[in-house]
Amino acid sequence: MDDVEVPIFYDDEADFIGHEYLQDVEYDYEYENMERETLFELYQYCLRPTIYDTISYILPLFISTIIFRLCAYSQHISHKTFHVLSMLIGICNIYFYVIECLYTLLILCIISYITLYIPKKYCRYMGIFLPSLFIITYCEFTMPPIIWHKIRSVVMTMAMKTISIAIEKIDTNNSPNIYAYMGYMFCSVTCLFGPWISFKDYISIRYITNQDKWWILYTIQYAFVSFLFLTVSNCWAQWMIMETSWKWLLAYRDALAFRMSHYFISYIASTLLLLGGFPFALSTIVKPLKIEFPRSLVHVVICWNIPMHFWLKTYIFRPSIKYLGKFGAVTITYLTSALLHGLNFQLAAVLLSLGFYTYVEFQLRFMLANIFDACIASKQCTKNKCTHTYNIHNSWWVFLINIMFSGLSIFHLAYLGLMFDTSELQETGYSYIHTIEKWSQLGFASHWVVFATYCIYFLIR
């Protein structure tokens with residue numbers, strides 16, 4: 001990924017924002033009293049039920065993943081049989097957790113597979129995206145909001161798989177057989193929590209002869225960290241920052257809780273990948289430390305969901321930049337991400353805002369780095385290969401400027417993440433009224449700061 005000459009600005013923000021499978025687990029613990037609860041009360045009414053109910057809920061998924069691993073590594077099962085079993089296990093998982101989208105996914109797979117055999121001149125560029133856009137639009141306008149919000153991420157993950165195969169088919173003119181195609185689409189390891197993995201990675205699992213010997217320890221570690229993030233999201237964040245706090249502190253708390261829930265889903269997905277037999281190299285989905293303590297928003301959008309970042313860069317950004325230029329490619333990339341997440345105003349507003357934020361930040365810092373010959377660009381220089389005269393090792397002001405931009409990124413994350421609070425609207429999706437009200441409560445401060453940043457860039461460029 002480091003070989004890209006053109007920087008990536010986009011985010012998949014809410015790449016996993018739609019993973020709401022745990023919404024069936026209800027917790028009655030609320031922070032209604034003005035006094036802070038004791039640690040014992042926090043454990044009794046929040047920590048214990050959160051962990052217990054979540055483990056009970058996802059235990060069948062772990063069992064099915066172990067079965068998938070045994071099938072993948074078995075030398076007595078043919079490739080065709082393995083793909084059929086992969087599809088059946090995945091369908092069982094979908095039936096158990098999100099039965100509402102089972103037939104929708106089957107229709108998407110059938111339509112997408114048929115389009116692979118349509119001549120290129122009839123199905124190229126936009127034609128590749130039409131089946132996925134049709135299904136997403138259908139779900140958006142026909143399904144009850146609660147159901148669509150619940151299954152949206154499952155549909156998105158499968159849409160990404162169908163699009164990636166269609167684009168690769170145009171480039172290589174090779175189509176997978178129906179068994180491999182359906183096995184990949186319904187792969188039980190990734191069909192619910194994700195992440196997107198390439199068809200090549202799915203096929204290669206049959207040829208892995210020796211997984212890292214420490215895979216069990218890594219799996220336990222990922223599972224432990226995922227539940228740690230879950231407790232922060234559901235319990236610790238609200239316990240540490242009470243409702244009577246300053247409004248910007250409350251905004252940071254709500255954004256932090258949302259980010260922690262994303263980390264939980266991502267680390268559960270990593271756990272499933274390792275438990276399912278996939279190589280350790282595929283298990284890194286998110287980098288929480290680089291998001292919580294960012295050098296820039298560019299780092300945030302890259303580290304938020306690495307597999308989707310790679311997907312957007314490979315299948316959307318790179319092809320688009322040839323015809324649309326940098327800004328056009330950034331815009332179409334964010335629009336694609338927004339469409340994959342559903343026709344939701346709030347998601348689109350956050351994604352497009354973040355796209356503009358990162359573009360402005362990158363351009364300004366790149367220009368300042370050249371003017372002052374200092375290592376203050378959005379993307380840090382490669383270790384021991386910095387060509388700038390001034391860097392954090394020999395100039396205190398370089399360190400100070402980078403810290404300032406890091407603080408600005410945290411400010412923007414609090415402002416944007418505030419949209420995804422724990423109100424009742426999260427079960428049906430957030431409306432544009434909710435978005436405007438939340439931002440207006442903070443005086444649209446983040447947008448004004450970015451506008452001022454752009455004016456500074458425009459004046460000195």
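Heads up: these notes are all about the structure in this document. As the structure is a computational prediction, the values presented were derived from the model and not from experiment.

Criteria and cut-off values
Residues numbered from 1 in each chain as written. Predicted model: local features only at pLDDT ≥ 70, side-chain atom pairs only at ≥ 80, totals over all residues. Heavy atoms only, no water. Helix = DSSP H or I, 4+ residues; strand = E, 2+ residues; numbered from the N terminus. Buried < 20%, exposed > 50% of the residue type's maximum accessible area, 1.4 Å probe, protein only. Contact = heavy atoms within 4.5 Å. Disulfide = S-S within 2.5 Å. Core = buried A, V, L, I, M, F, W, Y, C linked by side-chain atoms within 4.5 Å. Domains from an automatic or database assignment. Phe/Tyr/Trp six-rings, centres within 6.5 Å; stacked < 30°, edge-to-face > 60°. Axes fitted to C-alpha atoms, helices over the stretch in contact; angles between N-to-C directions. Left-handed = near helix turned anticlockwise from the far one by under 90°. Nonpolar A, V, L, I, M, F, W, Y, C, P; charged D, E, K, R; others polar. Salt bridge = Lys/Arg side-chain N within 4 Å of Asp/Glu carboxyl O.

Turning our attention to the environment of Ile205. Inspection of the secondary structure assignment puts Ile205 in the loop between helix 7 (199-204) and helix 8 (215-240). Given a relative accessible area of 0%, Ile205 falls into the buried group. In sequence terms Ile205 and Arg69 are 136 residues apart; their C-alpha atoms lie 9.1 Å from each other. Here Ile205 is in contact with Phe68, Ala72, Tyr73, Phe82, Gly276, Gly277 and Phe278, once residues within four sequence places are set aside.

Turning to the state of the cysteines, a few remarks are in order. Put plainly, two cysteines are in a disulfide when a covalent bond ties their sulfur atoms together. If you walk through the whole model with that rule in mind, you get 1 disulfide. Residue pairing for Cys46: its cysteine sulfur links by disulfide to Cys235, the two sulfurs lying 1.9 Å apart. Taking the torsion about the S-S bond as the criterion, the Cys46 to Cys235 disulfide, at about -90 degrees, is left-handed. Here Cys235 lies in helix 8 and Cys46 lies in helix 1 (residues 39-73), a separation of 189 residues in the sequence.

What follows concerns the nonpolar core. Residues Phe68, Ile94, Phe186, Leu192, Phe193, Trp311 and Leu340 are the most contacted members of the largest nonpolar core, which totals 113 residues. The biggest single contributor to this core is helix 9 (residues 247-275), with 15 residues. Mapped onto the domain boundaries, this core takes at least three residues apiece from domain 1 (57-208) and domain 2 (287-460). Those residues within four positions of Phe68 in sequence are excluded, and the remaining contacts are Phe82, Ser86, Ile89, Cys187, Ser188, Val189, Tyr202, Ile205, Gly276 and Phe278. Grouped together as the second largest cluster of nonpolar side chains are 9 residues, Met367, Ile376, Ala377 and Tyr457 included.

Turning next to the environment of Leu442. Examined against the element boundaries, Leu442 turns out to sit in the loop between helix 15 (432-441) and helix 16 (445-460). A residue is classified by how much of its surface remains accessible, and Leu442, at 8% relative accessible area, is buried. The sequence separation of Leu442 and Trp248 amounts to 194 residues, and the corresponding C-alpha distance is 7.8 Å. In contact with Leu442, other than residues within four places in its own chain, are Lys247, Trp248, Ala251, Tyr415 and Leu418.

Right, let's get into the packing of aromatic side chains. Within the structure shown, the criterion is met by 31 aromatic pairs. Judged by centre distance (5.8 Å) and plane angle (25 degrees), the rings of Phe82 and Tyr202 are stacked. With a gap of 120 residues between them, Phe82 in helix 2 (residues 79-97) and Tyr202 in helix 7 connect regions that are remote in the sequence. As far as the burial class goes, Phe82 and Tyr202 line up, both buried.

All right, on to the packing of helix 2 against helix 6 (residues 178-185) then. When two helices pack together, their arrangement is given by the angle between the helix axes and the distance between those axes. Relative to each other, helix 2 and helix 6 sit at 35 degrees, their axes nearing to 7 Å. As for how helix 2 packs across helix 6, the hand of that crossing is left-handed. On the side of helix 2, the interface is formed by Lys80, His83, Val84, Ser86 and Met87, while helix 6 contributes Tyr179, Ala180, Met182 and Gly183. In terms of residue class, the contact of helix 2 with helix 6 is made up of 5 nonpolar, 3 polar and 1 charged.

What follows is about the pattern of salt bridges. The full count for this structure, using the stated rule, is 4 salt bridges. Across the salt bridge formed by Glu100 and Lys150, the nearest N and O atoms sit 3.4 Å from each other. With a gap of 50 residues between them, Glu100 in the loop between helix 2 and helix 3 (102-115) and Lys150 in helix 5 (residues 145-172) connect regions that are remote in the sequence. Exposure remark for Lys150: the relative accessible area of 8% places this residue in the buried category. Here Arg259 ties to Glu292 by a salt bridge, and the two come within 2.7 Å at their closest N and O atoms. Taken together, the residues span a long stretch of sequence, with Arg259 in helix 9 and Glu292 in helix 10 (residues 288-292) at a distance of 33 residues. Both residues of the pair, Arg259 and Glu292, belong to the buried class.

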